[in-house]
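Topology and contacts: notes
Given next are the chains, with one letter for each unit.
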Amino acid sequence: MIHDVAILGTGLIGASMGLGLRAEGKRIIGWDPSADALRSAAEVGAIDATATSSAEATALADLVVLSGPALAVADQLGELDFAGLVIDVAGVKEPMVKAARAAGIRFVGTHPMAGREHPGAEHASARLFKGATWIVTDDHAAEPDLLQVERMIESLGGIPVRMSAARHDAAVAAISHIPQLVALALIEAAADGDDALELAAGGFRDLTRIALSDPTMWADVMVANREQIAVAADDLAERLRRWSTRLDAVEPLRSEIAAARKVRQSLAPPVVAVRLILEDRPGSLAAVGRALAASRADIRDLQLRHGPHGGGGVLTLSVRPGEAETLRHALEFEGFELTD
């Protein structure tokens with residue numbers, strides 16, 4: 001029975017786990033090499049006690065969670081003196097499994113597919129993992145340990161999915177690490193172009209949103225998974241080359257775009273976009289909130305496209321298809337101008 005959990009690394013993920021596990025009645029001992037990060041975790045209520053060293057934290061625990069940067073976690077696994085169960089939440093898994101096996105540690109590697117652009121415990125939330133896929137690597141792990149970790153993940157609202165470390169690393173290279181590289185490359189290309197950034201609108205902002213992510217975390221993850229990323233980058237480069245050869249004829253290209261669109265639509269439930277002009281005046285967002293409350297619409301996504309020179313813009317609210325008309329009426333009642 002796990003009661004005392006040591007979380008080594010109290011950033012966004014570690015602090016969010018602390019909040020969720022505390023709500024489940026667990027006692028959380030936190031440690032972080034950054035005194036500021038540890039203090040922030042305490043301030044948001046993510047930990048019950050702070051430790052002055054990782055050794056002190058683990059000495060008090062039944063379970064150890066390693067939630068620091070990927071390369072630091074690999075090092076910790078080689079140095080950890082703990083007989084109980086250890087898990088990590090790093091975005092790359094093969095180096096962790098190998099390090100734990102070499103050190104003879106009782107280990108289950110995990111990776112919650114959840115996060116935010118902004119790092120730090122101040123942005124932590126016990127709801128961060130609600131409905132999120134949470135990978136559990138089963139390499140060399142005992143079945144009772146796997147089941148125990150999966151129960152903990154479910155208690156935090158996550159959906160555990162088992163796979164090997166190698167399969168995980170290849171998959172996240174394609175769907176997580178390559179998108180990060182693409183966002184960085186797009187930012188670099190636009191910054192080098194004359195006036196390109198001044199013309200950037202919703203599409204560019206959507207594609208580059210993840211370039212706002214934590215540089216420390218992402219540099220560690222990408223270096224740790226560099227071999228799989230290199231393979232995925234070569235594959236993407238070849239696919240881009242093939243797409244560039246399809247630009248000679250409209251009809252074949254339209255068919256390819258439609259096929260890609262269908263795959264993308266399968267990733268999320270159907271929604272209807274309701275767009276309104278949001279003026280730069282006090283109370284505008286409060287009025288949107290009143291309309292949402294009155295319509296009882298379930299917001300699936302929202303996006304604000306700012307005016308080019310600041311002040312207001314177009315707010316897009318994505319809702320379930322049956323709720324769009326009610327929301328439109330509520331927004332019009334609040335005096336908003338709707339747009340296509």
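Up top is the structure.
What counts, and at which threshold
- Residues numbered from 1 in each chain as written.
- Predicted model: local features only at pLDDT ≥ 70, side-chain atom pairs only at ≥ 80, totals over all residues.
- Heavy atoms only, no water.
- Helix = DSSP H or I, 4+ residues; strand = E, 2+ residues; numbered from the N terminus.
- Buried < 20%, exposed > 50% of the residue type's maximum accessible area, 1.4 Å probe, protein only.
- Contact = heavy atoms within 4.5 Å.
- Areas by Shrake-Rupley, 256 points an atom, 1.4 Å probe, with all protein chains shown as cover.
- Lys, Arg positive; Asp, Glu negative; His and termini not counted.
- Charge placed at Lys NZ, Arg CZ, Asp CG, Glu CD.
- Axes fitted to C-alpha atoms, helices over the stretch in contact; angles between N-to-C directions.
- Parallel < 35°, antiparallel > 145°, perpendicular 65-115°, else oblique.
- Left-handed = near helix turned anticlockwise from the far one by under 90°.
- Pairing = 2+ DSSP bridges.
- Nonpolar A, V, L, I, M, F, W, Y, C, P; charged D, E, K, R; others polar.
- Polar contact = N/O pair within 3.5 Å; in protein donor to acceptor, adjacent residues only side chain to side chain.
- Phe/Tyr/Trp six-rings, centres within 6.5 Å; stacked < 30°, edge-to-face > 60°.
- Lys NZ or Arg CZ within 6 Å of the ring centre and 35° of its normal.
- Salt bridge = Lys/Arg side-chain N within 4 Å of Asp/Glu carboxyl O.

**Points about the overall build of the protein chain**
- For the protein chain, the helix and strand inventory stands at 13 helices and 12 strands.
- Once the C-alpha set of the protein chain is aligned to its principal axes, its extents read approximately 60 × 50 × 40 Å.
- The buried share of the protein chain, reckoned over its 340 residues, is 39%.
- Here the contacts in the protein chain between residues at least 6 apart in sequence split such that 62% fall between residues at least 24 apart.
- Working note: accessible area of the protein chain is about 18,500 Å², and carbon and sulfur atoms make up 54% of it.
- Between the mean site of the 33 positive side-chain charges and the mean site of the 47 negative ones, the protein chain shows a separation of 7 Å.

**Quick word on the packing of helix 7 (residues 165-192) against helix 10 (residues 226-244)**
- For the pair helix 7 and helix 10, interaxial distance at closest approach is 8 Å and the crossing angle is 60 degrees. Regarding the angle of helix 7 to helix 10, the classification is oblique. Considering only the axes of helix 7 and helix 10, their crossing is right-handed. Contacts between helix 7 and helix 10 pair A166, D169, A170, A173, A174, H177, I178, L181 and V182 from the former with Q228, I229, A232, A233 and L236 from the latter.

**Some words on the side chain of T58**
- For T58, the location among the structural elements is in helix 3 (residues 54-59).
- With relative accessibility at 6%, the residue T58 sits in the buried group.
- In this structure, T58 is in contact with A6, L8, V64, L80, D81 and F82, ignoring residues within four places of it in sequence.

**Here's the deal with the sheet that holds strand 4 (residues 63-66)**
- Ordered by their spatial adjacency, eight strands build an open sheet running 3-2-1-4-5-6-7-8, and the pairing between neighbours is mixed. In the strand order of this sheet, the two ends are held by strand 3 (49-50) and strand 8 (159-163), each with one partner.
- Pairing analysis gives five bridges linking strand 1 (residues 4-8) to strand 2 (residues 27-31), with the strands arranged parallel. From the neighbouring strand, L8 faces strand 2, where its bridge partner is W31.
- The strands touched by helix 7 within the sheet are strand 6 (107-112), strand 7 (133-137) and strand 8, with strand 8 carrying the most contacts at an inclination of about 110 degrees.

**A word on the packing of helix 5 (residues 94-103) against helix 7**
- At a minimum axis distance of 8 Å, the contact between helix 5 and helix 7 shows a crossing angle of 155 degrees. For the element pair helix 5 / helix 7, the angle class is roughly antiparallel. Of the residues in helix 7, those in contact with E94, P95 and V97 of helix 5 are A165, A166 and D169.
- Per-class residue counts for the contact of helix 5 with helix 7 are four nonpolar, no polar and two charged.

**A short note on the environment of S244**
- Secondary-structure assignment places S244 in helix 10.
- There is a polar contact of 2.5 Å between the side chain of S244 and the backbone oxygen of R241.

**Some thoughts on the packing of aromatic side chains**
- This structure, assessed with the given rule, holds one aromatic pair.
- Residues F129 and W134 carry aromatic rings whose centres are separated by 4.8 Å and whose planes lie at 40 degrees to one another, so their mutual orientation is tilted. No difference in accessibility class separates F129 from W134, as the two residues are buried.
- Over the ring of W243 we find R246, and its NZ or CZ is 4.7 Å from the ring centre.

**Remarks on the pairing of strand 11 (residues 313-319)**
- Most of strand 11 is tucked away: seven of the seven residues are buried.
- Note that strand 9 (residues 272-278) and strand 11 share seven bridges and pair antiparallel. Note on strand 11: the bridge partner recorded for R275 is T316.

**Things to note about the pattern of salt bridges**
- Evaluated as defined, the whole model comprises 17 salt bridges.
- Between R239 and D235 there is a salt bridge whose closest N-O contact spans 2.8 Å. Taken as a pair, R239 and D235 lie in helix 10 at a separation of four residues, close to a single helical turn.
- Exposure remark for D235: the relative accessible area of 39% places this residue in the partly exposed category.
- The partner of D298 in a salt bridge is R320, with the nearest N and O atoms 3.0 Å apart. Linking D298 in the loop between helix 12 (284-295) and strand 10 (299-306) with R320 in the loop between strand 11 and helix 13 (324-333), this pair joins segments that are 22 residues apart in sequence.
- Each of E143, E150 and R162 takes part in a single network of salt bridges with overlapping partners.

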